[in-house]
Amino acid sequence: MPQTIAVIDFGSQYTQIIARRIRECQVYSKLYHHTVTAEELKKDGVVGIILSGGPSSVFSKKAPIPDKALFTLGVPVLGICYGIQLMGHLLGGQVAKSDHREYGHGTLTIRKAGRLFSKLPKKLRVWNSHGDRLIKLPPGFTAIGTTDNSEYAVIEDAQRGFYGIQFHPEVFHSERGVDVIRNFLVGVCKAEQDWTTADFIKKSVADIRTTVGKSRVLLGLSGGVDSSVAAALIHKAIGKQLTCVFVDNGLLRKGEREVVESLYARNFKIDVRVVDASALFLRRLKGITDPEQKRKIIGRTFVEVFEKSLKSIGGADYLAQGTLYPDVIESVAIGNNPAALIKSHHNVGGLPERMKLKLLEPLRELFKDEVRAVGSACGLPKEVVWRQPFPGPGLGVRVVGEITKERLEILRNADFILQEEMMDNGWYWKVWQSFAVFIPVKSVGVVGDERNYSYVIGLRIVESIDAMTADWTRLPYDLLQKISSRITNEVRGVSRVVLDISSKPPATIEWE
Ligand code: XMP
């Protein structure tokens, strides 16, 4: 195992970012619930501990308080925001309520660099977000940094390797924040920077081989980033023992099936079985207009088709899934931490239990950016590794109302033009998602001298970090103009193109 830094989660919306920043410094990090015991941390061999921020006040009855024994493990501890207050509270200092919350940018003045601020400027712009503050130092500590609002913005007990900082070094708005984290990891914890993509692949390939032995593995390939990278990695480990099933549900985009066939089957020599179940899906969706019902039918039919394909390939022992670290982290529901409210969309819910297969999840320790790095290192092209997210129910939720072959065809052609233009102009890589929506409304148009009465296509192009919130992208007018004329000129059945300028919230990204 690589050396581990424990990040203890007190419910901050930034906790996952702390874990990612640590990994960006090539040190392995793991998130722990705040109820973790010192004994468990010791068993995991952690070489340093970071106490995250959080929305609570140490004075509140329900405040999450960690096992105090973690301060006796003999490993360095860094408390961030709520973490510094916990250190003050638990180690004999004093915390008080501030008259007002300190939120936003502030200037940090470093009085003594020590190991935490080694080789960093004396003044830094940092990001604050806290209500309480430390007013008396715990024994053994000295204050080494201040802000206008706090005498104790950075505290250290160099002997024990305990540090507390009031600001958030993990967020992008804190100048040189990653360097502060790196100084803690390397300078204070003496952690080895041994968490690299190449090492991960080597270790993962060996693990997969040992786990799987001579067994067969089945993987549902969607063409999305996660399942593609999982397939590439598993294939690297066990070659022909892996069989991928790609289900054509009739709700795919133009050319999608062909790309899967050429890339995975021909280039990578992965055993990919393409199952054409489009007729079955479309038959079951006939006359259905309710989005949730559509999702249910699509999900159920997928499981059925997938199960059947298992029989046709002669069975398997393992089911591989592209589960990522954020999917397995138990989110902490404290206050109104949005992280606790996120519900992920499960497209294949219940599949492993039903199929009675053992699970193989080689990406479950990785964040998305690490998955992309693994994908690139395995030789997957940029088009796969940086592909925009595409919903499991596919075009089924982008044809508003009833799904018919004719409507799907119109949408596919319009969407293809949009993607082509986005790619040509490099915009495809800059946005979160860009897609066309079929709007089942007919509007009047003129072509030549003739009146034409056809459908409307909506363009949905958004920027987002995590799909929780999104803003519509301000594409250049000339580009919008080109997309619009190409769609109305080249796609039969469309008389009008409209641009969706709604943010999320209140709108969602998809229309259904
Ligand atoms: P919304 O529309 O909820 O979408 O703002 C947020 C993100 O989730 C994707 N999405 C789905 N993904 N199955 C999926 O796998 C679904 O049923 C589904 N619905 C929405 C959407 O494309 C966006 O990235």
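Please read all numbers here as calculations on a predicted model, not as lab measurements. (Residues numbered from 1 in each chain as written. Predicted model: local features only at pLDDT ≥ 70, side-chain atom pairs only at ≥ 80, totals over all residues. Heavy atoms only, no water.)

Asker: Give a description of the site of the ligand that names residues and reports values.
Answerer: Contacts to the ligand come from 13 residues, most closely from Arg295, Gln433, Lys504, Ile509 and Glu510. Take Gly392: an N or O atom from its main chain is 3.0 Å from an oxygen atom of the ligand. Ile509 places a polar main-chain atom, nitrogen or oxygen, 2.8 Å from an oxygen atom of the ligand. Relative to its unbound accessible area of 500 Å², the ligand is 86% covered by the protein chains. When grouped by side-chain class, the residues that make up the shell around the ligand number five nonpolar, five polar and three charged. Both domains that furnish three or more residues to the shell around the ligand are identified here as domain 2 (197-385) and domain 3 (404-499). (Near = heavy atom within 4 Å. Polar contact = N/O pair within 3.5 Å; in protein donor to acceptor, adjacent residues only side chain to side chain. Areas by Shrake-Rupley, 256 points an atom, 1.4 Å probe, with all protein chains shown as cover. Nonpolar A, V, L, I, M, F, W, Y, C, P; charged D, E, K, R; others polar. Domains from an automatic or database assignment.)

Asker: Quick one: what's the story with the sheet that holds strand β3 (residues 46-51), residue by residue and with numbers?
Answerer: Pairing within the open sheet is mixed, and its nine strands lie in the order β2-β1-β3-β4-β9-β8-β7-β5-β6. Strands at the two margins of the open sheet, each flanked by one partner only, are β2 (28-33) and β6 (123-136). Sheet twist, expressed as the average angle between the axes of neighbouring strands with direction ignored, equals 30°. Note that strand β4 (residues 77-80) and strand β9 (residues 162-165) share four bridges and pair parallel. By the bridge assignment, Ile80 is partnered in β9 with Ile165. In the packing of helix α4 (residues 177-188) onto the sheet, the strands contacted are β1 (4-9), β3, β4 and β9, and the crossing angle to β9 comes to about 175°. (Pairing = 2+ DSSP bridges. Helix = DSSP H or I, 4+ residues; strand = E, 2+ residues; numbered from the N terminus. Axes fitted to C-alpha atoms, helices over the stretch in contact; angles between N-to-C directions. Contact = heavy atoms within 4.5 Å.)

Asker: Provide a residue-level description of the domain arrangement of the protein chain, including the pertinent values.
Answerer: Domain assignment breaks the protein chain into domain 1 (4-188), domain 2 (197-385) and domain 3 (404-499). Taken over C-alpha atoms, the centre of domain 1 sits 38 Å from the centre of domain 2. Each partner contributes to the interface: domain 1 provides 18 residues, whereas domain 2 provides 13 residues. When domain 1 packs against domain 2, the two sides together hide about 1,300 Å² of surface, and 58% of this comes from carbon and sulfur. For domain 1, the biggest contributors to the area lost against domain 2 are Gln16, Arg20 and Arg23; these three give 36% of the whole. Counting every contact that joins domain 1 to domain 2 gives two salt bridges. Here Asp369 makes a salt bridge to Arg20, at a shortest N to O gap of 3.8 Å. There are four residue pairs in polar contact (both at pLDDT 80 or more) connecting domain 1 and domain 2. Within the residue set of the side of domain 1 that touches domain 2, elements represented by two or more residues are α1 (15-24) and β2. A total of five residues in the side of domain 1 that touches domain 2 trace back to one element, the largest contributor, which is α1. (Buried area = accessible area lost by both parts, 1.4 Å probe. Salt bridge = Lys/Arg side-chain N within 4 Å of Asp/Glu carboxyl O.)

Asker: I'd like a rundown of the sheet that holds strand β13 (residues 318-320), residues and numbers included.
Answerer: With parallel pairing, five strands are arranged side by side in an open sheet as β12-β11-β10-β13-β14. With one partner strand each, in any of the chains shown, β12 (271-276) and β14 (358-360) form the two edges of the open sheet. For this sheet, the mean angle separating the axes of adjacent strands, direction not counted, is 30°. With three bridges joining them, β13 and β14 adopt parallel strand pairing. Bridging from a neighbouring strand, Leu319 pairs with Leu359 of β14. Each of β10 (217-220), β13 and β14 is contacted by helix α5 (residues 197-212), which is oriented at about 165° to β14, the strand it contacts most.

Asker: Pulling in residues and values, what's your account of the environment of Leu285?
Answerer: Here Leu285 lies in helix α8 (residues 278-285). Using a relative accessible area of 1% as the deciding quantity, one classes Leu285 as buried. Those residues within four positions of Leu285 in sequence are excluded, and the remaining contacts are Leu251, Lys294, Ile297, Ile298 and Ile403. (Buried < 20%, exposed > 50% of the residue type's maximum accessible area, 1.4 Å probe, protein only.)

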